[in-house]
Amino acid sequence: MKARPNIELKLSTTDVIIEIIGWLAVAGIWILTFIHYEKLPEQIPIHYNGAGKADGFGDKNQLLILPIVATLFFIGLTLLNKFPRIFNYFIPLAQENAFFQYSAATRLIRFVKLLFVIIFGLVVFMTIQTAKGTAGGLGIWFLPLMIGLFFILIMYLFEKGKKALISQSKF
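Residues numbered from 1 in each chain as written. Predicted model: local features only at pLDDT ≥ 70, side-chain atom pairs only at ≥ 80, totals over all residues. Heavy atoms only, no water.

Peer 1: I'd like a rundown of a nonpolar patch on the surface, residues and numbers included.
Peer 2: A grouping of Phe-90, Phe-151, Ile-152, Ile-154, Met-155 and Phe-158 is seen on the molecular surface, where their side chains present a nonpolar patch of about 690 Å² in accessible area. Secondary-structure assignment places Phe-158 in helix 4 (residues 142–169). (Patch = residues over 30% accessible without salt bridge, like charges linked within 9 Å, V, L, I, M, F, W, Y side chains within 5 Å. Areas by Shrake-Rupley, 256 points an atom, 1.4 Å probe, with all protein chains shown as cover. Salt bridge = Lys/Arg side-chain N within 4 Å of Asp/Glu carboxyl O. Helix = DSSP H or I, 4+ residues; strand = E, 2+ residues; numbered from the N terminus.)

Following this line, the structure appears as structure tokens:
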């Protein structure tokens, strides 16, 4: 890999808002889990099939796995986002386009980690509701909606990047 430009990115207002919402979502998962943990039955749903129905049950301690994984994922991507030079890019990087590419890549990661934490939060919430008997699982809508949200996010940011590249090439 050729040496890539080393540019220090300053967070935009949008990036700061996404980060704050993400950290609040991580905290929310933990708060939700701890508020309901003692009231849960000893056996809770721990796995769902493609239709969103609970098809595996286990000890309620396993509910803690979801906030742990969400937190580790969020922190891991937050740390990774500090090094946009090491990411893979679709185009060759030069000093002229590095700032835009780094900014776009780090914003994509911010959105992905936020969406991931929101999804894990929904799974925790629906698991608690299912364990309490007020829901019948995640629902048939859950899997297609989550895949659709990731697809929409990636396509939106891809199109935004493509338009910016076209406008840069006109100069």
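Peer 1: How would you summarise the packing of helix 2 (residues 65–80) against helix 3 (residues 95–132) if you had to cite specific residues and measurements?
Peer 2: The relative placement of two packed helices comes down to the angle between their axes together with the axis-to-axis distance. Contact geometry of helix 2 with helix 3 gives a least axis separation of 10 Å together with a crossing angle of 175°. Relative to helix 3, the element helix 2 lies roughly antiparallel. Taken together, the residues of helix 3 that come into contact with helix 2 (itself represented by Leu-66, Pro-67, Val-69, Ala-70, Phe-73, Phe-74, Leu-77, Thr-78 and Leu-80) are Ile-109, Lys-113, Phe-116, Val-117, Phe-120, Val-123 and Val-124. Of the residues in the contact of helix 2 with helix 3, the class split is 14 nonpolar, one polar and one charged. (Axes fitted to C-alpha atoms, helices over the stretch in contact; angles between N-to-C directions. Parallel < 35°, antiparallel > 145°, perpendicular 65-115°, else oblique. Contact = heavy atoms within 4.5 Å. Nonpolar A, V, L, I, M, F, W, Y, C, P; charged D, E, K, R; others polar.)

Peer 1: Go over the pattern of salt bridges with me, naming the residues and quoting the values.
Peer 2: Following the criterion strictly, the structure yields five salt bridges and no others. A salt bridge links Arg-107 to Asp-15; the nearest nitrogen and oxygen atoms lie 2.8 Å apart. Residue Arg-107 is located in helix 3, and its partner Asp-15 is located in helix 1 (residues 13–37); the two are separated by 92 residues in the primary sequence. Judged by relative accessible area, Arg-107 falls into the buried class, the value being 19%. Assessed through its relative accessible area of 7%, Asp-15 is described here as buried. (Buried < 20%, exposed > 50% of the residue type's maximum accessible area, 1.4 Å probe, protein only.)

Just geometry here; none of it tells us what the structure is for.
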